[in-house]
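Commentary on secondary and tertiary structure
Below, each chain spelled out in residue letters.
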Amino acid sequence: EKGEYRHFMQKEIFEQPAAIQRTLQDRIDSPEAVSAAFGDRAEAIFDRVRTVQIVACGTSYHAGMVARYWLEALAGIPCQVEVASEFRYRQHVVPEGTLFVTISQSGETADTLAALRDTRSDNYVGRLAICNVDGSSLVRESELTFLTKAGPEIGVASTKAFTTQLAGLMMLVLALGRRHGLGDERIETILGELRQLPNLIEQAAALDKPIEALSRAFVEKNHTLFLGRGVQFPVALEGALKLKEISYIHAEAYPAGELKHGPLALVDKEMPVVAVAPNDELLEKLKSNLQEVRARGGELYLFADKHARVSDGEGIHVLHLPAVPESIAPIVYTVPLQLLSYHVAVLRGTDVDQPRNLAKSVTVE
Ligand code: M6R
């Protein structure tokens, strides 16, 4: 069923415009309508939310990290995010009015499920599962569900599940934000931006050929550094996870501001550095971080907004993305990083859809 595609991962990357379209369809017609996508009890539970605890693993955890930036910046709601395998084994304080959110493609990840089953405190006002599989354990055991409608994801490397999770998480931010002073006008604007998402993802995916060309520079390398700032930091983490998972190249992600606190020592011409830099307020800061990399002979690969006023130069390779509204930038910038790891893995001849040592769904601890 791969059709014209060589791998499921490739097919699933290109399916993202349709997957997001399905996920948002009939759910974002108005600010009032958004809560309904989370279930019948959403209104009553959302009214009581004062803080959010997100728990997930792997790629789904990265989606949670993006959501934290959004929740605190747009909705003014405190948010904690933790990997399930840590959360479940430590003592933690549950503030009053906490919404417990799990994020999972499969809905069967053992650690995430165990964390959910452990939410006994009365301070939890409800449990929400953001999940791609209807009827999965997480969905059955949560009062609220948001179903991402990505369709079956076969490739072990999660792609369309992640971007649809992010679309759902932005809806959650809007639904909660509405109860915390996020005005309808602002919500309408973001809903309009969400509607542009399928189209913008398609434009990002159209960079496939130039990204394939660029991927050659990574094939012989053993290490790569991914940089992002702010909400793009989790995007960098996700880019690094994709690369290590399917190409077996060691990849690490850092918030760019941390560079000089250690990782800069690693940078030389053998260590390509990938940076995600949309045209937001942090760009100027990121640019100076990038100069630090260049000064050490590091080869730079930059995914930047077409208005970002950065261009190719000695050791700097820029790939321009369409202008993207800030609210949805992390979703769009994920796509070129998926394509990069895909092409690097193909060139290295790894088993892209079934990378060694990994399972699609981690149902054991
Ligand atoms: O099914 P889940 O979303 O709960 O799975 C969580 C992780 O196992 C998963 O995202 C994993 O990190 C992916 N293979 C990453 O591409």
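Residues numbered from 1 in each chain as written. Predicted model: local features only at pLDDT ≥ 70, side-chain atom pairs only at ≥ 80, totals over all residues. Heavy atoms only, no water.

Within an unreviewed UniProt entry, the label attached to the protein chain reads Glutamine--fructose-6-phosphate aminotransferase [isomerizing], and the organism entered is Alloalcanivorax profundimaris. In its Catalytic activity (unreviewed entry) section, UniProt records this for the protein chain: "D-fructose 6-phosphate + L-glutamine = D-glucosamine 6-phosphate + L-glutamate". Quoted verbatim from the Subcellular location (unreviewed entry) field of the UniProt record, the comment on the protein chain reads "Cytoplasm". (UniProt positions renumbered as here; feature names shortened; annotations may be inferred.)

Here we come to the sheet that holds strand β7 (residues 250-255). Within a sheet, each strand pairs with its neighbour through backbone hydrogen bonds, oriented either parallel or antiparallel. On the basis of which strands lie adjacent, the open sheet formed by five strands has the order β7-β6-β8-β9-β10 and parallel pairing. Each edge of the open sheet carries a strand with a single partner, namely β7 and β10 (316-321). In this sheet, adjacent strand axes meet at a mean angle of 20 degrees when their direction is disregarded. The sheet contact formed by strand β6 (residues 223-228) and β7 spans six bridges and is parallel. Across the sheet, the residue bridging to Gly228 is Pro255, located in β7. (Pairing = 2+ DSSP bridges. Helix = DSSP H or I, 4+ residues; strand = E, 2+ residues; numbered from the N terminus. Axes fitted to C-alpha atoms, helices over the stretch in contact; angles between N-to-C directions.)

Once that is clear, we can look at the confidence of the model for the protein chain. The predicted model of the protein chain averages 95 in pLDDT, with 100% of residues at 70 or higher. For this predicted complex, the interface score ipTM comes out at 0.99, while the overall pTM is 0.97. (pLDDT = per-residue confidence, 0-100.)

So, about the pattern of salt bridges. Two side chains with opposite charge may pair up if their charged atoms get near one another. Inspection of the entire model under this criterion finds 19 salt bridges. Two residues, Lys11 and Glu15, come together in a salt bridge whose shortest N-O distance is 3.1 Å. Overall, the relative accessible area of 22% leaves Glu15 in the partly exposed class. Of the charged contacts in the structure, one is a salt bridge between Arg178 and Asp184, with a shortest N-O distance of 3.0 Å. Judged by relative accessible area, which is 34%, Asp184 ranks as partly exposed. The network of salt bridges with shared partners includes Lys11, Glu15 and Lys160. (Salt bridge = Lys/Arg side-chain N within 4 Å of Asp/Glu carboxyl O. Buried < 20%, exposed > 50% of the residue type's maximum accessible area, 1.4 Å probe, protein only.)

Their axes nearest at 10 Å, the elements helix α8 (residues 160-177) and helix α14 (residues 329-348) cross at an angle of 175 degrees. As judged from the angle between their axes, α8 and α14 are roughly antiparallel. For the pair α8 and α14, the contacting residues are Phe162, Thr163, Leu166 and Ala167 in the first and Ile331, Thr334 and Gln338 in the second. Tallied by class, residues from the contact of α8 with α14 come to four nonpolar, three polar and no charged. (Parallel < 35°, antiparallel > 145°, perpendicular 65-115°, else oblique. Contact = heavy atoms within 4.5 Å. Nonpolar A, V, L, I, M, F, W, Y, C, P; charged D, E, K, R; others polar.)

A separate point is the side chain of Thr148. Of note, Thr148 is situated in the loop between β5 (144-147) and α8. Among residues more than four places away in sequence, those in contact with Thr148 are Thr23, Ile130, Cys131, Asn132, Thr164 and Gln165.

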